[in-house]
Amino acid sequence: MSVLSPDKLVEAYALVGSANRRSLEALAIVLAQFRACGIDCLLLKGADILPRLYGVWGLRPMVDADLLVRKQDLPAIDRIVRKLGYLPEIDGNPAYRAPDHSLLLDLTTEIWYAEDTEDIWKRAVQRDLEGLPVKGMGSEDLLIFLTAYAVLYRGCFSPAFPKDLALLVRKEPVDWEFVLEEACRRNLKIPLYYGLSYAAGHEPIVLPPEVMRRLAPAGYAEKALAFTLRKLVLNRPVNNLGHFLLFVTRPVHKKWGWLQRYLFPSTAFLQYRYGEHGTRNPHRTRLLRACALLSRTLILSVTI
């Protein structure tokens with residue numbers, strides 16, 4: 001493994017810091033417009049973690065700015081960002097890129113494991129970004145979200161993941177009893193156990209032994225899932241693994257509904273994912289999408 005020289009490390013730090021500074025300054029302008037129009041949002045992932053836990057811009061890259069917003073605010077948000085010169089990007093969610101490419105806004109109106117996000121909104125914490133009041137998830141929600149996102153949604157651990165969790169546990173008080181209750185209620189017990197175990201193996205994190213004991217797999221189904229995660233979710237991505245993990249970890253009574261929405265999504269999703277041509281003949285787009293996804297599932301099963 002090659003080791004970067006001190007000069008290269010300083011150069012890398014400066015480049016990452018400069019890019020993050022530009023992105024956060026652009027984000028602050030957007031959020032100021034949201035605030036002026038009475039639009040609420042929660043910062044997610046890097047946009048929240050970087051200023052909240054790291055404090056310096058060059059220690060962690062930020063690919064885009066993820067925001068949780070309310071569905072009814074999407075039309076107003078579209079008008080605001082377009083007025084600022086942002087252009088829509090083809091994605092599974094509403095997404096917009098700044099005219100100078102300094103920022104990609106990625107918007108979501110839901111957290112996949114939460115049927116209703118209002119409790120997450122109520123537990124949000126407020127802080128400051130570039131002199132502007134902003135909101136992020138409460139400590140417990142952030143820990144659960146970061147871990148579930150890495151283990152299930154991405155199906156891969158980024159280099160920043162262990163450090164993110166280590167800083168969160170070190171800098172903010174965590175109500176572990178609440179984390180345990182939410183993990184069980186959201187069907188995230190084993191993903192949380194595996195993600196925390198992975199992070200603790202790569203960074204010095206003080207995790208209460210009683211918490212890890214109660215999260216540990218018990219029974220055949222939980223042990224089988226833990227084994228699957230250990231074998232598949234590593235530090236390198238596997239194509240379409242996240243879709244498979246999201247499906248197998250859904251509660252049994254919700255699997256069919258999730259599969260229907262995944263294979264035959266709404267027209268709004270088709271617009272975000274495929275653009276205008278995807279909605280000209282939505283039935284054809286859904287059919288082609290279902291065939292493509294089934295094909296990828298077969299390839300993934302062979303890979304596994």
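Everything below is about the structure printed above this text.
Quick notes on the rules
- Residues numbered from 1 in each chain as written.
- Predicted model: local features only at pLDDT ≥ 70, side-chain atom pairs only at ≥ 80, totals over all residues.
- Heavy atoms only, no water.
- Axes fitted to C-alpha atoms, helices over the stretch in contact; angles between N-to-C directions.
- Helix = DSSP H or I, 4+ residues; strand = E, 2+ residues; numbered from the N terminus.
- Parallel < 35°, antiparallel > 145°, perpendicular 65-115°, else oblique.
- Contact = heavy atoms within 4.5 Å.
- Nonpolar A, V, L, I, M, F, W, Y, C, P; charged D, E, K, R; others polar.
- Buried < 20%, exposed > 50% of the residue type's maximum accessible area, 1.4 Å probe, protein only.

S.K.: How would you summarise the packing of helix α5 (residues 139-154) against helix α11 (residues 241-248) if you had to cite specific residues and measurements?
M.R.: Contact geometry for α5 and α11: axes closest at 6 Å, N-to-C directions at 110 degrees. It follows that α5 is roughly perpendicular to α11 by the angle criterion. For the pair formed by α5 and α11, the contact residues are V151, L152 and Y153 on the first element and G242, L245 and L246 on the second. Of the residues belonging to the contact of α5 with α11, the class tally is 5 nonpolar, 1 polar and no charged.

S.K.: Just give me the short version of the environment of F264, but keep the residues and values in it.
M.R.: Along the chain, the position of F264 falls in the loop between α12 (255-263) and α13 (267-274). In sequence terms F264 and A290 are 26 residues apart; their C-alpha atoms lie 7.0 Å from each other. What F264 contacts, discounting residues up to four positions off in sequence, is R286 and A290.

S.K.: For the environment of P99, give the residues involved together with the corresponding values.
M.R.: Residue position: P99 is located in the loop between β4 (95-97) and β5 (104-108). By relative accessible area, P99 is classed as exposed at 54%. Along the sequence, P99 and E89 sit 10 residues apart, while their C-alpha atoms lie 12 Å from each other. Excluding residues that lie within four positions of it along the chain, P99 makes contacts with L84, G85 and Y86.

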